Amino acid sequence: VSATGRAAADVLVDGETIRAVLEPGAALLGTDVAASVDRVIDATGRYVIPGGIDAHTHMQLPFGGTEASDTFETGTRAAAWGGTTSIIDFAVQTYGHRIEDGLAAWHEKAAGNCAIDYGFHQIVGDVNEASLATLRRLPDEGITSFKMFMAYPGVFYSDDAQILKAMQVSRDTGMLTMMHAENGPAIDVLAAQLVEQGKTDPFYHGVARAWEMEEEATHRAIMLAKLTGAPLYIVHVSAKQAVEQLAWARDKGQNVYGETCPQYLYLSLEEQLGASSEQWGHFEGAKWVCSTPLRSREEGHQQSMWQALRTNDLQMVSTDHCPFCMKDQKELGLSDFRRIPNGIGSIEHRMDLMYQGVVTGEITLERWVELTSTTPARMFGLYGTKGVIQPGADADIVVYDPNGHTSIGLDKTHHMNMDYSAWEGYEIDGHVDTVLSRGKVIVDGDQYLGAKGDGRFLKRGLSQYLI
Ligand code: URP
Ligand code: ZN
Ligand code: ZN
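Before going into details, it helps to say that this report is about the structure given with it. All of these numbers come straight from a predicted model, not from anything done at the bench.

**Focus: the layout of surface pockets**
Each pocket or cavity is described by its volume, and for the largest pocket that value is around 1300 Å³. Around the largest pocket, the lining comprises 41 residues; the ones closest to its centre are Ala-9, Asp-10, Val-11, Leu-12 and Ile-41. Elements that contribute at least two residues to the lining of the largest pocket include exactly strand E1 (10-14), strand E2 (17-22), helix H1 (26-29), helix H2 (31-36), strand E3 (47-50), strand E14 (397-407) and strand E16 (440-444). At five residues, the largest contribution of residues to the lining of the largest pocket is made by E1. Here the lining of the largest pocket is composed, by residue class, of 25 nonpolar, six polar and ten charged. The calculated volume of the second largest pocket comes to roughly 410 Å³. Along its surface, the second largest pocket is lined by 20 residues, and Tyr-152, Asp-188, Arg-209, Arg-338 and Asn-342 are the ones closest to its centre. Secondary-structure elements contributing two or more residues to the lining of the second largest pocket are helix H7 (184-196) and helix H8 (203-208).

**Looking at unusual backbone geometry**
Residue Thr-292 is reached from Ser-291 by a cis peptide bond, and omega for that bond is -5°. The residue Thr-292 is located in the loop between helix H12 (269-274) and helix H13 (301-311) in this model. Within the chain, Tyr-152 stands out as a residue other than glycine whose phi angle is a positive 60°. When you line up the elements, Tyr-152 lands in the loop between strand E9 (145-149) and helix H6 (160-173). Look at Tyr-152 and you get buried, because its relative accessible area is 13%. One non-glycine residue, Arg-438, lies in the positive phi region at around 45°.

**What about the pattern of salt bridges?**
For the structure on display, the rule yields 28 salt bridges. Its salt-bridge partner being Arg-98, residue Glu-100 comes within 3.8 Å of it at the nearest N-O pair. Arg-98 sits in the partly exposed class, given a relative accessible area of 47%. The residue Arg-98 makes a salt bridge to Asp-101 at a minimum N-O spacing of 3.1 Å.

**Notes on the sheet that holds E16**
Judged by pairing direction, the sheet is antiparallel, and its five strands sit side by side in the order E3-E14-E15-E16-E17 without closing on themselves. The sheet is open, and its two edges are formed by E3 and strand E17 (447-448), each paired on a single side. Here two bridges tie E16 to E17, and the two strands are oriented antiparallel to one another. What sits directly across from Asp-444, in E17, is Gln-447. Docked against the sheet, helix H15 (residues 365-379) engages E3 and E14, running at close to 30° with respect to E3.

**Comments concerning the packing of aromatic side chains**
Taken as a whole and judged by the stated rule, the model has 23 aromatic pairs. Ring geometry for Tyr-266 against Trp-306: centres 5.7 Å apart, planes inclined by 85°, an arrangement best described as edge-to-face. With Tyr-266 in helix H11 (residues 262-266) and Trp-306 in helix H13, the pair connects residues that are 40 residues apart, well separated along the chain. Looking at Tyr-266, the relative accessible area reads 16%, which means it is buried. Residue Trp-306 is classed as buried on the basis of its relative accessible area of 3%. Grouping aromatic residues by their ring pairs yields a cluster made of Tyr-47, Tyr-355, Trp-368 and Tyr-400. Over the aromatic face of Trp-106 sits the side chain of Lys-109, whose NZ or CZ is 4.2 Å from the ring centroid. The cationic tip of Lys-147 hangs over the ring face of Phe-90; the distance from NZ or CZ to the ring centre is 5.4 Å.

Calculation rules
- Throughout this description, residue numbers start from 1 for each chain and increase along the sequence as written.
- Both sets of labels track the order of writing: A upward for chains, 1 upward for ligands.
- Restriction of local features to residues with pLDDT of at least 70 applies here, the model being predicted, together with a cutoff of 80 or more for giving and counting side-chain atom pairs; totals for whole chains, interfaces and linings are based on all residues.
- Hydrogen atoms and water are omitted, and side-chain values are computed over all heavy atoms in the structure.
- The method works on a 1 Å grid over the protein atoms by themselves. A cavity is a set of points holding a 1.4 Å probe that cannot get out, a pocket is an open set with protein on both sides within 12 Å along at least five of seven lines, and residues with an atom within 4 Å of a point line them.
- Grid points are joined across faces, edges and corners, and a volume is the space filled by probe spheres set on the points.
- Put simply, DSSP marks the helices as runs of H or I at least four residues long and the strands as runs of E at least two long, and each gets a number from the N terminus on.
- When residues are sorted by character, Ala, Val, Leu, Ile, Met, Phe, Trp, Tyr, Cys and Pro go into the nonpolar class, Asp, Glu, Lys and Arg into the charged class, and all the rest, Gly among them, into the polar class.
- Buried means the residue's accessible area, taken with a 1.4 Å probe over protein chains only, is under 20% of the maximum for its type, while exposed means over 50%, and partly exposed covers the values in between.
- What counts as a salt bridge is simple: a side-chain nitrogen of Lys or Arg found within 4 Å of a carboxyl oxygen of Asp or Glu.
- Note on pairing: two strands pair once DSSP finds at least 2 bridges between them.
- Contacts were defined at the residue level, with two residues in contact if any of their heavy atoms lie within 4.5 Å.
- To define axes, lines are fitted to C-alpha atoms, for helices over the stretch in contact only, and angles between the resulting N-to-C directions are given on a 0 to 180 degree scale.
- Classification of ring pairs rests on two measures: the distance between centres of Phe, Tyr or Trp rings, Trp counted by its six-membered ring, which must be within 6.5 Å, and the angle between planes, read as stacked under 30 degrees, edge-to-face over 60 and tilted in between.
- Only Lys NZ and Arg CZ are tested; either one counts as a charge over a ring when it is within 6 Å of the ring centre and within 35 degrees of the ring normal.

That is the geometry; function is a separate question.
Below, the structure is given as structure tokens:
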């Protein structure tokens, strides 16, 4: 299955790359080929798809007074289990520090530890002359996109003046500007007022981060991008009003793109409000504290996300994998939702969760591949090597069994380094059977055959969406 169609075929892998896609049986008929084939994987009755590319992850991210609980080792292993063979993580420059130091630290964390290939976006947390000069040089190092935050004052936040300056670099270099579009200063006032009123439960995180704050910031980012001529990519879109802003700008011909995440397609603020357990009481809702927040089901945001994925107003699905344990991590916010580290872990389930959209008729099989692999590759300068099964491409291949079954969460059936699952109780129609990363079988049924250090750093080219 590719982004554009499906066919019965044999895929011939030679070393790390795909040599040929052939008529069924043909690969074994040619004598020279038959003689050298040393392994046949029978994919009869299954889908053979390009390995998933998760373009938004945060391994070992220092955040909210703690650190995201998956290391590059545990996080990429979980990714492999779930049929994802490449990630793009975010190297972080924090305020008062140099971009090159943040980037070097990320290379250090990842090098020799990943089971699958990995690239980086750069988070720009301190705009000044030196950092802008460094930013301009990053494409030479294979980093062709950077993220800025209109949220989190005092942590990652940039004001409009800083965003404008960085977007000018984006325009000049062709680097993609990625934006966390939420009005942070306004949100922080609302959050403080809720806490003053004694509204400290996790649910109020989503109340403070109202969709108006996402719509407004998305619009502001679009206008700053229009003014500067920067290509723009809005991360973790969850509000239908934010999608309307994207559609509006795209209809006018602006280079604006967006991703959503599985949590915004399936989970809701109402469910977070209703969440309760013996162990945690109403604090149970902390399991789903992330930003942008879960939205109201009644208001129709989830349906709007699915629709936008069909109409291409949103182009791809990433996880924003940013896992924290309840114990000692989410727990930091027991008496104040503002101190709950923001993030949900989903890297292992993205391919499965999106396949459910095929099962329920929300998207086609081809669109599933496009949203999870082909477009991420094109968007972030990996296409040809990744995101497609064709001669010359890396042999990153997933054999997916549509008749298989996956139960998530209960008794920790997942491989992420978390003490819970945001997807506990989900029953998935479908199962990742076999995963190849550059020709090596790293998942074979219930066997894990990958190893840390197998994954290589991906020097990315410019986005293929900019031409
Ligand atoms: O809640 C989230 N999304 N945590 C990760 C950081 C970010 O803003 O992407
Ligand atoms: Zn963000
Ligand atoms: Zn993120």
